[in-house]
Amino acid sequence: MLGRVGAAVGEVARASVEIGPHAGAHRVALRAGVSVLVPLAVLVLAGRVDLTPYAAFGAMTSLYGRHHGHVDRSGMQLGAATAFTATVGLGVLAAVLPGQHAWLVVLVGALVAGAGQVLADALAWHPPGSTFLVFAFCVCASIPGLGLLDVPLALAVSALSAAFSLLVGHVGVLRDRTGYRVPTLPAMSVRTALGTPARRRWVAVVLGCALAGGSACLLVGFEHPYWGIVAAVAALGGADHRTRLVRAVHRAVGTVLGVLVAWPLLAAHPRGLAAVAVVCVTQIGAELFIGRNYALALLFITPLALMMSQLAHEQPVGPLLLDRVGSTAVGAGVSLVAVVALLAARRTPSAPA
C-alpha cells in the first residue's frame, strides 16, 4: 500500500515539473491578446472602465479550440460565446439582489461549475471544464452597486466582445479562402457527458466547489470565497486523475509565485490603458504557457485575475493578495480530497443487483 502511494506521489511530482511542447502557442496567445486588448481599450477610452470586466469575459471566447482549424474552432467558440454571455448575465443578476448574498454566490457558483462541466464534456470543449465560466459568474456576481439596467448592458458588452473574438479567430481564413465553410456547432454527446464516470466527476465538482467556497472560505473568513471555487474546479476539470492531482499542486504553488509577480504590478496602481496593457500582456503570457506547464502559466494567470478583479472593484492590495493565497490553498486542498474520493469510488466494485 505504502509502495503504491509512494509511486503515485513520485509520478505526480515528475509530472508537475514537466514542460510540454510549444505546439504553436504563440498563435493562440496573439489571438487572445488582440481579443482582450481592443474591447478593453475602447471602453477605457470611452470612459466606461466599469464595463471592462464584461468585455474581458466575452474575450475569453478566444481561448477555445486552440488546436482546431478555423471552422471547427469557430463552431466551438460560438458555443463558448453563448455560454459566457449567459453566465455574465446570470452573475450580474445575482449581484443586483439586495442584502448580503455571499452564500448565494457560492451555491450558484457551484451549480454553474457543474452545469459548465456537463456542457464542456458534451461539446468536447478545449480547454475542458468550466473554470472560466465559474470565474465569470463569481466576479460579476461580486461587483457592488449594480442595478437591473446593468443586466442588459452587461449582456450586450459581453456578446459584442465575444463576437470580436470570433472575428479575430477568422483572420487566418484570409490566407486560404478556398477551405472556408460556414461554422456549425459541434454535435452534443449527452451520453458522454452523463455517463457513470462523468456523473461521479460532476458530483465531485459541485460538492468540491460548494465546500471550497462555502464551508471552507466563508467560514474561515476570506473575502473572496470564489477563488476557492475556481481553484477547486480548475483541478477537478482535468481529463484524468493524474492531471487533476497535478493541477491541484500547480494551482497552489503557481498561485503563491504568481502573487509575488502580481504584487509590484498591483502596487503601482495602474489605471486606464496601463491596466489594459497589464491584462493584455498577462493574457498573452498565460496562453504561451498554459499548455506547457500550468504552474508557469499561473505566474501570468494570477496577476491577470487580480487585475481583472481590480478593474471590477478596486480593493487594498495587501489583503487582496493574502486572500488570493488563502482561498486558493483551501480550494486546492478540497480538490485533492475530491480526487482521492473519485479514485476510491472508481476502485470500489458496484454491489450486485
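The structure we're discussing is the one just above.
Reading guide: rules and limits
Residues numbered from 1 in each chain as written. Predicted model: local features only at pLDDT ≥ 70, side-chain atom pairs only at ≥ 80, totals over all residues. Heavy atoms only, no water. Helix = DSSP H or I, 4+ residues; strand = E, 2+ residues; numbered from the N terminus. Buried < 20%, exposed > 50% of the residue type's maximum accessible area, 1.4 Å probe, protein only. Contact = heavy atoms within 4.5 Å. Core = buried A, V, L, I, M, F, W, Y, C linked by side-chain atoms within 4.5 Å. Expected span 1.5 Å × (residues − 1). Bend = angle between axes of the 7 residues up to and from the residue. Salt bridge = Lys/Arg side-chain N within 4 Å of Asp/Glu carboxyl O. Axes fitted to C-alpha atoms, helices over the stretch in contact; angles between N-to-C directions. Parallel < 35°, antiparallel > 145°, perpendicular 65-115°, else oblique. Left-handed = near helix turned anticlockwise from the far one by under 90°.

*Asks:* Any details on the overall build of the protein chain? Residues and values, ideally.
*Replies:* Within the protein chain, the regular secondary structure consists of 14 helices and zero strands. Mapped from its N terminus to its C terminus, the protein chain presents α and β elements in the order α-α-α-α-α-α-α-α-α-α-α-α-α-α. When each of the 353 residues of the protein chain is scored for burial, the buried share is 52%. Residue pairs in contact within the protein chain that sit at least 24 positions apart in sequence constitute 81% of those at least 6 positions apart.

*Asks:* Talk me through the nonpolar core; I want residue IDs and the actual numbers.
*Replies:* Among the nonpolar cores identified, the biggest contains 84 residues, and Tyr54, Phe57, Trp125 and Phe135 are the most heavily contacted of them. Ignoring anything within four residues of it in the chain, the contact list for Phe57 reads Phe84, Val88, Phe135, Ala136, Val139, Cys140 and Met308.

*Asks:* Outline helix α11 (residues 241-267), supporting the account with residue identities and numerical values.
*Replies:* Helix length check: α11, at 27 residues, gives a terminal C-alpha distance of 38 Å against a target of 39 Å (1.5 Å per residue), a fit within 8%. Largest kink in α11: about 30 degrees, centred on Val261, with the proline Pro264 one to four residues after it.

*Asks:* If you had to explain the pattern of salt bridges to someone new, which residues and values would you point to?
*Replies:* Evaluated as defined, the whole model comprises two salt bridges. Of the charged contacts in the structure, one is a salt bridge between Asp50 and Arg48, with a shortest N-O distance of 2.8 Å. Residue Asp50 is classed as partly exposed on the basis of its relative accessible area, which comes to 39%. Across the pair Glu314 and Arg271 runs a salt bridge whose closest N-O atoms are separated by 3.2 Å. Of this pair, Glu314 sits in the loop between α13 (294-312) and α14 (317-347) while Arg271 is found in the loop between α11 and α12 (272-289), placing the two residues 43 residues apart along the sequence. Under the relative-accessibility criterion, Glu314 is labelled partly exposed at 40%. Take Arg271: its relative accessible area is 48%, and that puts it in the partly exposed class.

*Asks:* Give a description of the side chain of Thr255 that names residues and reports values.
*Replies:* Looking at the element boundaries, Thr255 is found in helix α11. Residue Thr255 is classed as buried on the basis of its relative accessible area, which comes to 1%.

*Asks:* For the packing of helix α5 (residues 102-122) against helix α6 (residues 131-141), give the residues involved together with the corresponding values.
*Replies:* Packed helices, taken two at a time, are described by the angle their axes make and the gap between the axes. At a minimum axis distance of 9 Å, the contact between α5 and α6 shows a crossing angle of 155 degrees. Here α5 is positioned roughly antiparallel relative to α6, judged by the angle of their axes. Seen along the crossing, α5 lies across α6 with a hand that is right-handed. Contacts from Val105, Val108, Gly109, Val112, Ala113 and Gly116 of α5 reach α6 at Leu133, Val134, Phe137, Cys138 and Ala141.

In short, geometric facts, not functional conclusions.
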